[in-house]
Structure formats: C-alpha cells, structure tokens
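Letter by letter, the chains look like this.
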Amino acid sequence: MEPLFIAASPTSPEIDFRFDQHTLSIKGESYPENAAAFYGPVIAQVQAYLAERKDAAITVNVSLAYFNSSSTKMLFSFFEALNDAAMAGNHVRLNWYHDEDDDTILEFGQELQDDFGALDFHDHAVSG
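Just so you know, these numbers come straight off a predicted model, no measurement behind them.

## Structural notes on the sheet that holds strand S5 (residues 91-99)
- Across the sheet, six strands lie side by side as S1-S2-S3-S4-S5-S6; this open sheet has mixed pairing. Unpaired on one side and paired on the other, strand S1 (4-6) and strand S6 (120-126) mark the two borders of the sheet. The average undirected angle you get between the axes of adjacent strands in this sheet is 10 degrees.
- Here eight bridges tie strand S3 (residues 23-30) to strand S4 (residues 57-67), and the two strands are oriented parallel to one another. Bridge pairing in S4 links glycine 28 to leucine 64.
- Most of the contacts of helix H2 (residues 69-87) go to S4, to which it runs at about 170 degrees, and overall it touches strand S2 (14-18), S3, S4 and S5.
- Most of the contacts of helix H3 (residues 103-115) go to S5, to which it runs at about 165 degrees, and overall it touches S4, S5 and S6.

Set out below in structure tokens:
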C-alpha cells in the first residue's frame, strides 16, 4: 500500500502514514472547516490497510497540540479502527505525545486509554 502523506495546514495536522513500515503519525493542530471531509478518506485508507493485517506490529504516533470537537469525533473513529485491529490480533502501540503542561490533551489521552483498552497506550509528556 502506498504511503499517505498530507502536509500540515494552519487548520489541519500533518498525516504521515508509512503503511509499509507499519507507522502512522498525526501531528499538529486539528480544526479543519469540515473534519469529516478531511478525516474520512484518511480513516478509509487506514481501515483498508488494517483489513490486510494479521499479527502485525503497528506503531501510531499522535502529537496534537489542539483539536476541536468535530475533530474529536473523527479521531475517535480512527482510534476505534485501531482498537478493532488490536482485538483482531495485531499489536497496536499508541504513543500519545502532549505538552507536559497541557492537562486537556493529557486527559483526552487517558480517556482513549480507558475507552480503547486493546491499544498498547504510552503517554509521553514533552517539555515545552
């Protein structure tokens, strides 16, 4: 499967999915005008990639400084697909990066850990 790279914009994050290396990365800020239009095709490609994986070790790196409520809904769909892949026998490591002083992003990560228990969740506080 071809890699998926979308450069960051002022309102959307960088998407760098290197499917051949089993590494998916999202970083930046996420408040696009239409989160479903931005994330829909991204999630569809991830689902197609995950459908072909059995017993794979997948690393997901997420470093979002800010995301709005419509992005949150789409991110939950993304994490749900990853959790489903983990429950199907893949090892999915989620590296959750956040500013050490940002309690909101930290708490969202903790919520992900609670909601998607099949993911191998790793919290990383980064000094600003």
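## Structural notes on the pairing of S4
- In this view, the connection linking S3 to its parallel neighbour S4 by way of helix H1 (residues 35-51) has right-handed handedness.
- Alignment of S4 against S5, held across seven bridges, turns out to be parallel. Within S5, the residue paired with serine 63 across the bridge is tyrosine 97.
- Of the crossover connections in this fold, the one passing from S4 over H2 to the parallel S5 is right-handed.

## Remarks on the environment of serine 25
- Along the chain, serine 25 turns up in strand S3.
- For the pair serine 25 and histidine 98, spaced 73 residues apart in sequence, the C-alpha to C-alpha distance is 14 Å.
- Each residue touching serine 25, except ones within four places of it in the same chain, is listed here: Glu14, Ile15, Asp16, Phe17 and Asn61.
- Of the polar contacts made by the side chain of serine 25, one reaches the side chain of asparagine 61; its length is 3.5 Å.

## Some words on the UniProt feature "domain: SiaC family regulatory phosphoprotein" (unreviewed entry) in the protein chain
- UniProt feature "domain: SiaC family regulatory phosphoprotein" (unreviewed entry): in the numbering of this structure it lies at residues 6-124.
- With 41% helix and 33% strand, residues 6-124 has its two end C-alpha atoms placed 24 Å apart.

## Let's talk about H2
- Look at H2: 27 Å from first C-alpha to last across 19 residues, which is about the 27 Å you get at 1.5 Å a residue.
- Those residues of H2 not exposed but buried are Ser71, Thr72, Met74, Leu75, Phe78, Phe79, Ala81, Leu82, Asn83, Ala85 and Ala86.
- As for H2, its buried residues are in contact with S2, S3, H1, S4, S5 and H3.
- Looking one or two residues beyond H2, the residue adopting positive phi is glycine 89, at roughly 115 degrees.

Parameters at a glance
Residues numbered from 1 in each chain as written. Predicted model: local features only at pLDDT ≥ 70, side-chain atom pairs only at ≥ 80, totals over all residues. Heavy atoms only, no water. Pairing = 2+ DSSP bridges. Helix = DSSP H or I, 4+ residues; strand = E, 2+ residues; numbered from the N terminus. Axes fitted to C-alpha atoms, helices over the stretch in contact; angles between N-to-C directions. Contact = heavy atoms within 4.5 Å. Right-handed = clockwise from strand over helix to strand, strands pointing away. Polar contact = N/O pair within 3.5 Å; in protein donor to acceptor, adjacent residues only side chain to side chain. UniProt positions renumbered as here; feature names shortened; annotations may be inferred. Expected span 1.5 Å × (residues − 1). Buried < 20%, exposed > 50% of the residue type's maximum accessible area, 1.4 Å probe, protein only.

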